[in-house]
Amino acid sequence: MLSSQTTAILLHQPHHQGNMAFTGKYEFEGDENYDDFVKKIGLPSEKIEMGRNCKIVTEVVQNGNDFTWTQHFPGGHTTTNTFTIGKEADMETMGGKKFKATVKMEDGKIVADFPNYHHTAEICGGKLVETSTTSGVVYKRTSKRIA
């Protein structure tokens with residue numbers, strides 16, 4: 001029998017989060033600090049307008065540590081990032097910039113450093129919660145599971 005402390009530690013390990021914890025389709029539900037955040041990271045004003053209260057649908061396919069993370073924007077624009085936890089991957093920002101990043105899993109959260117912000121994603125109560133931080137500004141987007 002494991003002690004409660006050992007059990008708690010094991011439950012916080014990524015391999016105990018469920019192999020497909022992130023898999024699903026999520027529709028934008030709400031956000032906080034959008035304007036402050038996108039101005040801080042230097043998004044052009046036309047992209048800022050397009051993104052405001054945008055009904056982005058995020059589709060995540062997780063197979064163990066391999067992920068395909070696709071964001072479908074109104075008007076047909078799609079951004080897809082494919083990555084493996086712990087391995088460097090070619091990525092693209094919502095503004096279209098290409099960069100390399102090593103995505104990690106920390107306490108059940110996906111963690112990545114984009115060129116000018118730190119990004120985490122987690123599943124909370126069946127919702128996809130994404131948090132991006134830059135220069136003290138925290139942007140939070142919540143999406144509800146639709147499939």
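Everything quoted here is computed from the prediction, not taken from an experiment.

(A) Broad picture of the pattern of salt bridges. What the rule picks out here adds up to 6 salt bridges. Across the pair Asp-90 and Lys-100 runs a salt bridge, and its minimum N-O distance is 2.6 Å. Highlighted residues: Asp-90 in strand β5 (residues 88-92) and Lys-100 in strand β6 (residues 98-102), separated in sequence by 10 residues. Both residues of the pair, Asp-90 and Lys-100, belong to the exposed class. A salt bridge links Lys-109 to Glu-122; the shortest N-O distance between them is 3.7 Å. With a gap of 13 residues between them, Lys-109 in strand β8 (residues 109-114) and Glu-122 in strand β9 (residues 117-124) connect regions that are remote in the sequence. Classification of Lys-109 as partly exposed rests on a relative accessible area of 29%.

(B) Summary view of the packing of aromatic side chains. Under the criterion given, the structure shown has 8 aromatic pairs. Here the aromatic rings of Phe-22 and Phe-67 are separated by 5.9 Å at their centres, their planes lie at 70°, and the arrangement is edge-to-face. Of this pair, Phe-22 sits in the loop between α1 (4-11) and β1 (24-32) while Phe-67 sits in strand β3 (residues 66-72), placing them 45 residues apart in sequence. For Phe-67, a relative accessible area of 1% puts it in the buried group.

(C) Representation of the nonpolar core in the model. In this structure, Phe-22, Phe-67, Trp-69, Phe-83 and Ile-110 are the most contacted members of the largest nonpolar core, which totals 27 residues. For this core, the secondary structure elements donating two or more residues are α2 (34-40), β3, β5, β6, β8, β9 and β11 (137-145). Not counting the four nearest positions on each side in its chain, Trp-69 is found in contact with Phe-22, Thr-58, Glu-59, Val-60, Thr-79, Thr-80, Asn-81, Phe-83, Ile-110, Ala-121, Leu-128 and Glu-130.

(D) Main features of the sheet that holds β3. Within the open sheet, the 9 strands sit side by side as β4-β3-β2-β1-β11-β10-β9-β8-β7. Their pairing is antiparallel. Of all strands in the sheet, those bounded by a partner on one side alone are β4 (78-84) and β7 (104-106). Adjacent strand axes in the sheet meet at a mean angle of 25°, parallel and antiparallel pairs treated alike. When β1 meets β11, the two strands line up antiparallel, connected through 6 bridges. By the bridge assignment, Gly-30 is partnered in β11 with Thr-142.

Rules of the game
In every chain, residue numbers begin from 1 and rise along the written sequence. Per-residue local features of the predicted model are confined to residues with pLDDT of at least 70, and side-chain atom pairs are confined, for both listing and counting, to 80 or more; whole-chain, interface and lining totals are unaffected and use all residues. Each side-chain value is worked out from all heavy atoms of the structure, with water and hydrogens disregarded. Criterion for a salt bridge: a side-chain nitrogen of Lys or Arg within 4 Å of a carboxyl oxygen of Asp or Glu. Under the DSSP-based scheme used, a helix requires at least four consecutive residues in state H or I and a strand at least two consecutive residues in state E, with every element numbered from the N terminus. Buried residues are those whose accessible area, probed at 1.4 Å on protein chains only, stays under 20% of the maximum for their type, while exposed residues exceed 50% and partly exposed ones sit between those limits. Stacked, tilted and edge-to-face pairs are distinguished by plane angle, under 30 degrees for stacked and over 60 for edge-to-face with tilted covering the rest, among Phe, Tyr and Trp rings (Trp via its six-membered ring) whose centres lie within 6.5 Å. Throughout, nonpolar core names a set of buried Ala, Val, Leu, Ile, Met, Phe, Trp, Tyr and Cys residues whose side chains join them through atoms within 4.5 Å. Any two residues whose heavy atoms approach within 4.5 Å are treated as being in contact. Paired strands, in this sense, are two strands between which DSSP finds at least two bridges. Only the contacting stretch of a helix is used when fitting its axis, a line to C-alpha atoms as for every element, and angles between N-to-C directions run 0 to 180 degrees.

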